[in-house]
Amino acid sequence: VSTGDALVDVPANGDNGDVIQKVSQSLPQPVRLPNLQPWGLSFKGARLVVVDGRPAAQLVYNTDNKAIGPLALIIGSTKQPDIAPTFERRQDLNLLYWRHQGRASVLVGQSEIGYLWGIANDVAWQLDAI
């Protein structure tokens, strides 16, 4: 996964639906905002990025719990086949990525892999359920 320069930064505000709508306008499919507050993570904003030559949404979450956050969730579209969540470590960052039904998702952070697996399962369930 390679990300390019940010095209649009949209900070979180009282109406996060508006934030997601602004970012979704530049994407092939609308982005949904997973609620990660049960993990102690607060949504801080979104950024439009380019991943593998395609626009994607980078959702940024933060928390006071340094064992978990900060955390970025990148959601884009893909024509590649589905893959189960796959772990990778790059320098001091942990990545957990998966593809499901035309959507590619990546969780990026310094949190332990156990947290990332739990959050990834929650995110995947929410994105499919919403």
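No experiment lies behind these values; they were computed from the predicted model shown. (Residues numbered from 1 in each chain as written. Predicted model: local features only at pLDDT ≥ 70, side-chain atom pairs only at ≥ 80, totals over all residues. Heavy atoms only, no water.)

Points about the pairing of strand β5 (residues 83–90)
In summary, the side chains of a regular strand alternate between the two faces of the sheet.
Phase 1 of the analysis: Sheet analysis places β5 next to strand β6 (residues 93–100), joined by six bridges and oriented antiparallel. The residue bridging Arg-90 from the neighbouring strand is Leu-93, located in β6. (Pairing = 2+ DSSP bridges. Helix = DSSP H or I, 4+ residues; strand = E, 2+ residues; numbered from the N terminus.)

Focus: empty space enclosed by the protein
Phase 1 of the analysis: Within the structure shown, the criterion is met by one cavity of 30 Å³ or more.
Phase 2 of the analysis: Of the voids in this model, the largest cavity is the one considered here, and its volume is about 90 Å³.
Phase 3 of the analysis: Lining the largest cavity, in full, are Leu-27, Pro-28, Gln-29, Pro-30, Val-31, Arg-32, Pro-55, Ile-75, Gly-76, Ser-77, Arg-103 and Leu-127.
Phase 4 of the analysis: For the lining of the largest cavity, a count of residues per class yields seven nonpolar, three polar and two charged. (1 Å grid on protein atoms, 1.4 Å probe; cavity = no way out; pocket = protein on both sides within 12 Å on 5 of 7 lines; lining within 4 Å. Points joined across faces, edges and corners; volume = space filled by probe spheres on them. Nonpolar A, V, L, I, M, F, W, Y, C, P; charged D, E, K, R; others polar.)

Details of the environment of Val-31
Phase 1 of the analysis: Counting through the fold element by element, Val-31 comes out in the loop between α1 (16–24) and β2 (42–51).
Phase 2 of the analysis: Judged by its relative accessible area of 9%, Val-31 is buried.
Phase 3 of the analysis: Counting along the chain gives 25 residues from Val-31 to Ala-56, while the straight-line C-alpha distance between them is 9.0 Å.
Phase 4 of the analysis: Setting aside its immediate chain neighbours within four residues, Val-31 contacts Ile-20, Ser-24, Ala-57, Leu-59 and Ile-75. (Buried < 20%, exposed > 50% of the residue type's maximum accessible area, 1.4 Å probe, protein only. Contact = heavy atoms within 4.5 Å.)

Here we look at the confidence of the model for the protein
Phase 1 of the analysis: Of the residues in the protein, 84% have a pLDDT of 70 or more, and the chain-wide mean is 83.
Phase 2 of the analysis: Here residues 1–7 is modelled with pLDDT under 50, and outside its nearest four sequence neighbours on either side it reaches 16 contacts, counting other chains as well. (pLDDT = per-residue confidence, 0-100.)

Some points on unusual backbone geometry
Phase 1 of the analysis: In this model, Gln-91 sits at a positive phi of 55 degrees, which is unusual for a non-glycine residue.
Phase 2 of the analysis: Residue classification places Gln-91 among the exposed positions, given a relative accessible area of 77%.
Phase 3 of the analysis: The phi angle at Gln-101 is positive, at roughly 50 degrees, despite the residue not being glycine.

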